[in-house]
Every structure is written in C-alpha cells, then in structure tokens.
Amino acid sequence: MKILFVASECTPFAKAGGLGDVVGALPKALHRLGHDVRVLIPRYAAVDRRVFTALPAPLAVPIGGAEAWCGVLEGRLPGSDVPVYVLEHDRLFGGGIYDGFDSGHGLLRFGLLSRGAFQLCRYLGWTPDIFHAHDWPTGWVPAMLETVERRDPFLKAASVFTIHNMAYQPRFYPQGLLELGLPLEVFRPDALEDHGQLNPFKGGLWLSSMLTTVSPTYAKEIGASPGGSGLESVIQHRGDQVVGILNGIDEDDWDPERDRYLPAHFNAQDLSGKLACKRALQAQLGLAPRDVPLLGVVSRLTHQKGIDVLAKIIERVLGLDVQMVVVGSGDAELERSLVARSMVKDGRFFAWIGYNEELAHRIEAASDLFLMPSRFEPCGLNQMYSQRYGTLPVVRGTGGLVDTVEQCDLLTGRGTGFIFWDLHEDALYETIRWAVSTMREEPLHFRRMQRTAMHKKQGWDVAAKAYEAVYRRALQERRP
Ligand code: ADP
Ligand code: GLC
C-alpha cells in the first residue's frame, strides 16, 4: 500500500512529545512490511534544512482565498529509506511547533499542511491509498479528502485518523472554513461544527474512514466521560471503527547497549554499566555519590501528567533516603516549585527545566525507578523506555500505562513495575515507598523484575501489522 503520514511532529526533526516519536518510528516498521510509506511535516524554524534536499519547483497550495507558495524539502527517516517531505512557508511555519496554535495562525498553519498533503502528492505524481492523519492539527485531512479533494487522482483514497490525545481540542471561528477552502456542508454537528465553532479533532473523528488510538485501554476510556473530552458520543457512534493499537518504541534509539548519549552501556545480564550511568549522572547534576535509590521523571509538566501531586510529596519521598531527578517543562508554577527545591543544595534533588533529549536518555538509564503518576495517559512512552533500561516504572493505572506495565507480585515473582489507582498524595507516596522497599529488602525479586522488563518485546512490528489491517479495512469501507 501507499501511505502518507501527515503530522505536526516527527522525531528527530520536530518533536514536542510522544506524537513525534510515533511518526518517526511507525513508518519505518510499515516500510519493513513492504509498504511505500512517506511522511509530511512543516518546516518550523528549528528544523535543520541541511539534512534535506530542496526539490526544484515550488508548490502552490490553495489557502486563505489565495495560493500559498511553498518550498518542498526531501530527506529520509534516519536509518531507513522512508522519504520525509518538509513543507516550507516562512510566514506560516516559522517559529515553534505549537506557537499560537489556538489562534487564526494555528488554523492557517495546519490547514496549509493538511491541504499541502494533496498538492504534494500531485506534484510527486504519487497517489497514496491512505492519508494517515494524527490528532487535531491534521484533523482537516479527512474533511478535505471527502469534499474538495474527492476527485482525480484521490477518488479511491481512504483516510485514517489516529487519536493521540483527546484532551487537546482547539476550536476556531467558523469563517475559517472558507479560509481553508472547505465547503459549508461540513459545518454540521456530525462533521466539523462544535458549539458554533470549528473543531478539527471532531472532523477527524467523524470523517475519517477508520480511527485508531494508541492503546486498547484508552480506546475504552474515550468512549465515556471524562476520557472522551466531550466527544465520547462520536467515539461510541463509530463503534468498532475505533481500534486501539498499542504504541511501540524505537528500539534502535532507545537501546541501553548502544545509546549514544550514555557514558556506559549495559544489558539484562550485566547491569554494571547502569551503575556507572548513575554515578555519572550524580556527578553531572550535583547529587551526592551515594548508593541510594534514584527516582527519575521525564515529562511535560502539565495537568495530564500528575506531577503536581508528586511535587506536593517531594520532601516525604526524599525522607525515604532516596534521590530524585526531573527533566521537564510546562506549567510555570510547577517549574518554579521544582527549581526552588533544586536550590536546596543537599545533594538529593535536581530539576532541569526545559527540553533536553540527552538528559532524558541519561535519566532513563541511571534511575532505579521511574515516576509517572498520570491523571490520564493515552499510551505513554517513557514507561516503556524505562523498562528497556531496567528502570522499574511507578505508574497510575490509567490508559496505556495499564497495558504496558505489569504489577509487581511478590508471591509469584512476576511484574515489571508498581501500579496505583487513586491519584492522591498518600497513594502515590505509599506506592513509591513499596517500590523502594522492594528494591532494598527484596533485591533478588527486584533484579528479576528488571530482567523481565528489559527482555520485553516493545518494538513496532506488532503494531505495524495491526495498522496494516486497519488500512485494509479503511480501503474496503471507503471504496465503492
Ligand atoms: P506525551 O506525548 O504525552 O508528552 P509520551 O510519554 O508519549 O508523553 O512521550 C513523551 C516523549 O517526550 C518521550 O519521548 C519523552 O522522552 C519526551 N520528553 C518529554 N519531556 C521531555 C523533556 N523535558 N526533555 C526531553 N524529552 C522529553
Ligand atoms: C500523546 C499522549 C501520550 C502518547 C503519545 C504518542 O502525546 O499524551 O500518552 O504516548 O501521544 O501516541
């Protein structure tokens, strides 16, 4: 099959979170199954032009009642032959990925990307069977395919819309419809209209041929409130056309035996390199060089992630004689409180505010436990990276966390992490205390859990086969 991924992020070129990781890895797994997969993203200011080749002629994309002239760059997903196209338009794509995302700028920016997908295909003389769109930024794609683009050469194409996070649903003024060149007929409640405004997420849900989301448990959660963020009835309506497919991880990028960011390497048989990583991180961040449990956090600091609950019990947790490191950014208040605790130079806590890929890898490798007390979590990737690095996750039992972490069971000796359900300070504290005491008092059990976690198959191959089946079904449902 020919498949075009249209997305706002793609690792390593432009990433704000897990969406970028998925778009940077799933196409490679589909390519290995023999499909002709390509990716289209915008060129934000930070996307490095030098790793791409400019295609000769510019591309005209109808938008805002005129034509936007865009440059097109072509490159490859690292370590593969998967083509990546990058659409250039300084005014609409310059700046950061989600700058002004919920303003008219966000409407035009991702409207241009969505419409640009069709023009790019014409330009390349390459007609996809499937347009695969991701979350609200490219929620316009199914609407475009079903209306203004349902003509030659796209008469037989189908669309798949993947839900990464129902909680982000910007709404736009209705006139935006005309600016995007969409007909009035899609301004209706079973398409793009949402309380008098335009909601591209809703359009994606109603108008795509098939829907997927990133874990089986989240697929169930979004069919009810509050998981569905107001669109649960649409999910119910689409019924078995919503398929939960668990994300994988890029096992080349996240490999403790080869990770380029690590000062030492290790595997399930020999964890001595992990201890070396811990010592190096302690030295790098000014933590005491002590042999105590190290707790790691790599996270966006938003309501979703529950780090506010963790922040309230930091002193109690540090009272267990452990160390803690955090890398993240987001909520300003939370950032301030974490920085303030970092200022206490007692060698037990360090927070790095901002986005730091290298530090994220080093924390995953050096920590003994990884904390992820999410309020909700469509899939979550860090708990999977953690397991690959023998860093046992402490997670709340929600969404993909339920599907990827097995509860510690001291009786049977099974498990890969520690799960709690009630997002409450005491529940989180008690679960961390349980994990820390398991590490201290049941070292053989802890070691066994680490081995089980590190041996888990978490790559993309299983998911890629499931996506293949969804694409086939999308074509059946769509084609006359
Ligand atoms: P979400 O997409 O909701 O943020 P995921 O767990 O799916 O959650 O993915 C988050 C991704 O972003 C992971 O690859 C994680 O390592 C990365 N990440 C998040 N915050 C940071 C940060 N501050 N620095 C580096 N990487 C980060
Ligand atoms: C979203 C979700 C996260 C998921 C990621 C990739 O950002 O918040 O849980 O892992 O998308 O699908």
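Computed from a predicted model, the values in this text were never measured in an experiment. Every chain's residues receive numbers from 1 upward, in the order its sequence appears when written. Written order determines the labels here, with chains lettered from A and ligands numbered from 1. Given that the model is predicted, a residue must reach a pLDDT of at least 70 before its local features are reported, and side-chain atom pairs must reach 80 or more before they are shown or counted; all residues, however, enter totals for whole chains, interfaces and linings. Calculated side-chain values reflect all of the structure's heavy atoms, with hydrogen atoms and water omitted.

### Concerning the domain arrangement of the protein chain
Then step 1. Taken domain by domain, the protein chain comprises domain 1 (2-248 + 460-476) and domain 2 (272-455).
Then step 2. Summed over both partners, the accessible area lost on bringing two parts together, with a 1.4 Å probe, is the buried area. At the boundary of domain 1 with domain 2, total buried surface from both sides reaches about 1,300 Å², with 56% on carbon and sulfur atoms.
Then step 3. When the area that domain 1 buries against domain 2 is broken down by residue, the three leading residues are Lys 15, Thr 217 and Leu 246, summing to 27%.
Then step 4. Counted as salt bridges are all cases of a side-chain nitrogen of Lys or Arg within 4 Å of a carboxyl oxygen of Asp or Glu. Where domain 1 meets domain 2, there are zero salt bridges.
Then step 5. Pairs of N or O atoms are called polar contacts if they sit within 3.5 Å, as long as, within protein, a hydrogen donor faces a hydrogen acceptor (for residues adjacent in sequence, only side-chain-to-side-chain pairs). Across the domain 1-domain 2 interface, the total number found is seven residue pairs in polar contact (both at pLDDT 80 or more).
Then step 6. Of all elements in the fold, only helix 1 (18-32) and helix 7 (216-221) reach the threshold of two or more residues within the side of domain 1 that touches domain 2.
Then step 7. Put simply, Ala, Val, Leu, Ile, Met, Phe, Trp, Tyr, Cys and Pro go in the nonpolar bin, Asp, Glu, Lys and Arg in the charged bin, and everything else, Gly too, in the polar bin. Looking at side-chain class alone, the side of domain 1 that touches domain 2 contains seven nonpolar, seven polar and three charged residues. Where a domain begins and ends is set by an automatic assignment or by a domain database. Secondary structure elements are defined from DSSP: runs of H or I of at least 4 residues count as helices, runs of E of at least 2 residues count as strands, and each element is numbered from the N terminus.

### Quick look at the pattern of salt bridges
Then step 1. Under the defined criterion, the tally for this structure stands at 30 salt bridges.
Then step 2. The residue Glu 149 makes a salt bridge to Arg 122 at a minimum N-O spacing of 2.6 Å. Note that Glu 149 is positioned in the loop between helix 4 (140-146) and strand 8 (158-163) and Arg 122 in helix 3 (residues 104-124), a separation of 27 residues in sequence.
Then step 3. Relative accessibility thresholds used throughout: buried, under 20% of the residue-type maximum; exposed, over 50%; partly exposed, between the two (1.4 Å probe, protein chains only). Exposure remark for Glu 149: the relative accessible area of 1% places this residue in the buried category.
Then step 4. Of the residues examined, Arg 122 reaches a relative accessible area of 29% and is grouped as partly exposed.
Then step 5. One salt bridge connects Asp 194 with Arg 171, and the closest N-O pair in it is separated by 3.2 Å. Of this pair, Asp 194 sits in strand 9 (residues 193-194) while Arg 171 sits in the loop between strand 8 and helix 5 (176-179), and the two are 23 residues apart along the sequence.
Then step 6. A relative accessible area of 34% means that Arg 171 is categorised as partly exposed.
Then step 7. In the salt-bridge network here, residues are joined through shared partners; they are Arg 115, Arg 122, Glu 149 and Arg 151.

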